[in-house]
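# Observations on chain architecture
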Amino acid sequence: MAQAVLTIDLDAVTANWRALAALGHAEAGAVVKADAYGLGADRVARALARAGARRFFVAEAAEGARLREALGPEPEILVFTGHMAGDAEALAAARLVPMLNSPEQVRRHLDALPGHPFGVQLDTGMNRLGMEDTDWRALAPGLLASGPRVLMSHLACADEPDHPMNAAQLRTFRRMTGGTGVPRSFAATGGILLGPEYHFEVTRPGVGLYGGAPFAEARPVVRLSLPVVQVRDVAPGETAGYGNAWTATRPSRVATLSSGYADGLFRSMSGRASVFAGDTACPLVGRVSMDLMAADVTDLDEVPEALDILGAHQGVDALATAAGTIGYEVLTALGARYARRYNEAAA
Ligand SMILES: *Cc1c(COP(=O)(O)O)cnc(C)c1O
């Protein structure tokens, strides 16, 4: 088949969710923003709901509205960007919970949707999203009286366990939320791994569900197989691909594979990543182009119909390192052209 195949192991996603939940006593939510990090929010969220997840986090109201259709009426869906101008209709229709992050959003929410549930996002030092301490102090009495669903904040350096920012943000979060009696949420994947004092009542794992660092014990979730379009012999001194970027130094076999940077396999992977035939690594040669790339398959006895660029031997983080980026970016860039297959024994 001509199409590359992305296989998504939903059983691994739910196993990763359970494993992260088991690291403490908090309720584990699930972050499924950006189409569940590129893996398909509908399928991923339904699998997690079956496994017991009750709170889902997305970035935008529009994502939340689509997710509501996939999940049905029960689970709570919380929106990180809060209540933006123009969101009221979607928030009301899909019964989404905006995480209000400024006095302006509080005003907008109470004007447009009085009585509609909300949460509050607090800034504890990251300076990205969330209410500043002084604004929170002024607004807290009124907001707490209407019973926010959750108070949350986000860690800037949770993937660096020894970074002093973690403890500093934890102290600030405790000071801003202590004694409120409202469920609190502080830890994403990295924060969960910092230890139970970071968990509070609700955690927000994202990348760890999808098999990415910093959750080193995660079960791999994705496999990506690229079909071989053509195989040719290349003599020493001959070149392959744009810019003659690779020159054969021995009598070589080169396979042309379907998929390229238009499919989220970055040009910066050129000459730095491999594809795999079973256990055998075949280095990429020449430049990754828009729809195609090439691999040196000289050492294979037999060239299979497809070679894996993501799988047991090269996970999202290894491929990301080869491309000079992080696993999050490799996942969320996975292209629309792939045939997506979902493995789910439990369904
Ligand atoms: C993306 C995000 C998460 C999930 O983070 P991971 O590192 O993927 O676990 C949690 N909380 C907020 C506010 C986020 O933006």
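Residues numbered from 1 in each chain as written. Predicted model: local features only at pLDDT ≥ 70, side-chain atom pairs only at ≥ 80, totals over all residues. Heavy atoms only, no water.

To continue, consider the overall build of the protein. Within the protein, the secondary structure is distributed over eleven helices and 19 strands. Here the C-alpha coordinates of the protein stretch approximately 75 × 40 × 35 Å along the principal axes. The buried share of the protein, reckoned over its 347 residues, is 53%. About 15400 Å² of surface is accessible on the protein, with carbon and sulfur atoms providing 50% of the total. Each charge class in the protein can be summarised by its mean position, and for the 31 positive and 38 negative side chains these summaries are 4 Å apart. (Helix = DSSP H or I, 4+ residues; strand = E, 2+ residues; numbered from the N terminus. Buried < 20%, exposed > 50% of the residue type's maximum accessible area, 1.4 Å probe, protein only. Areas by Shrake-Rupley, 256 points an atom, 1.4 Å probe, with all protein chains shown as cover. Lys, Arg positive; Asp, Glu negative; His and termini not counted. Charge placed at Lys NZ, Arg CZ, Asp CG, Glu CD.)

Before going further, it helps to spend a moment on the site of the ligand. The environment of the ligand is made up of 14 residues, and the closest members are Lys33, Tyr37, Thr189, Val207 and Tyr328. Between the ligand and Gly206, the relevant distance is 2.8 Å, taken from an oxygen atom to a main-chain nitrogen or oxygen of the residue. Within the backbone of Val207, an N or O atom sits 2.7 Å from an oxygen atom of the ligand. Protein chains bury 92% of the 390 Å² of accessible surface belonging to the ligand in isolation. Here the residues of the shell around the ligand sort into eight nonpolar, three polar and three charged. (Near = heavy atom within 4 Å. Polar contact = N/O pair within 3.5 Å; in protein donor to acceptor, adjacent residues only side chain to side chain. Nonpolar A, V, L, I, M, F, W, Y, C, P; charged D, E, K, R; others polar.)

Glycine aside, residues mostly have negative phi, and peptide bonds are mostly found in the trans state. Omega for the peptide link from Ala213 to Pro214 comes to 15°, which places this bond in the cis form. With respect to the secondary-structure elements, Pro214 resides in the loop between β10 (202-203) and β11 (222-234). Of note, the phi angle at Asn127 is positive, near 60°, even though the residue is not glycine. Mapped onto the fold, Asn127 is located in the loop between β7 (119-121) and α7 (133-145). By relative accessible area, which is 57% here, Asn127 ends up exposed.

So, about the nonpolar core. One recurring pattern in soluble globular proteins is that nonpolar side chains are buried together. Counting residues in hydrophobic clusters, the biggest one holds 81 residues, and the most contacted among them are Phe56 and Leu224. Here this core gets seven residues from one element, more than from any other, and that element is helix α3 (residues 41-51). No fewer than three residues from each of domain 1 (10-210) and domain 2 (222-343) sit in this core. Leave out the neighbours within four places in its chain, and Phe56 touches Ala30, Val32, Ala45, Leu48, Ala49, Leu67, Leu71, Pro75, Glu76, Ile77 and Leu78. One finds Leu122, Met131, Leu155 and Tyr198 within the second-largest nonpolar core, a separate group that totals 20 residues. (Core = buried A, V, L, I, M, F, W, Y, C linked by side-chain atoms within 4.5 Å. Domains from an automatic or database assignment. Contact = heavy atoms within 4.5 Å.)

Splitting the protein by domain gives domain 1 (10-210) and domain 2 (222-343). Listed as interface residues are ten residues of domain 1 and, on the opposing side, eight residues of domain 2. Each partner contributes to the roughly 880 Å² buried at the junction of domain 1 and domain 2, and carbon and sulfur atoms together form 63% of this total. When the buried surface of domain 1 facing domain 2 is broken down by residue, Tyr37, Leu39 and Val207 rank first, second and third, together holding 49% of it. The interface formed by domain 1 and domain 2 includes zero salt bridges. Scanning the region where domain 1 abuts domain 2 turns up three residue pairs in polar contact (both at pLDDT 80 or more). Where the side of domain 1 that touches domain 2 is concerned, the elements lending two or more residues are α1 (10-21) and α2 (33-37). Classifying every residue of the side of domain 1 that touches domain 2 by side-chain character gives six nonpolar, two polar and two charged. (Buried area = accessible area lost by both parts, 1.4 Å probe. Salt bridge = Lys/Arg side-chain N within 4 Å of Asp/Glu carboxyl O.)

All chains considered together, the criterion is met by seven aromatic pairs. Ring geometry for Phe173 versus Phe186: centroids 4.6 Å apart, planes at 5°, classification stacked. A residue pair is termed long-range when its members are at least 10 positions apart, and Phe173 in helix α8 (residues 164-177) and Phe186 in the loop between β9 (184-185) and α9 (189-194) qualify at 13 residues. Residues Phe173 and Phe186 agree in their burial class; the two are buried. Ring centres 5.8 Å apart and planes at 90° place the aromatic pair Phe186 and Phe200 in the edge-to-face group. (Phe/Tyr/Trp six-rings, centres within 6.5 Å; stacked < 30°, edge-to-face > 60°.)

The tally for this structure, following the rule as stated, stands at 15 salt bridges. Between Glu344 and Arg43 there is a salt bridge; the shortest N-O distance is 3.8 Å. Highlighted residues: Glu344 in the segment after β19 (339-343) and Arg43 in helix α3, separated in sequence by 301 residues. The exposure class of Glu344 is buried, given its relative accessible area of 19%. A salt bridge links Asp133 to Arg137, with the nearest nitrogen and oxygen atoms 3.1 Å apart. Of this pair, Asp133 and Arg137 both sit in helix α7, four residues apart, which is roughly one turn of that helix.

What follows covers the side chain of His109. Locating His109 in the fold gives a position in helix α6 (residues 103-112). His109 has contacts with His83, Pro98, Leu100, Pro114, His116, Pro117 and Phe118, leaving out every residue within four places of it along the chain.

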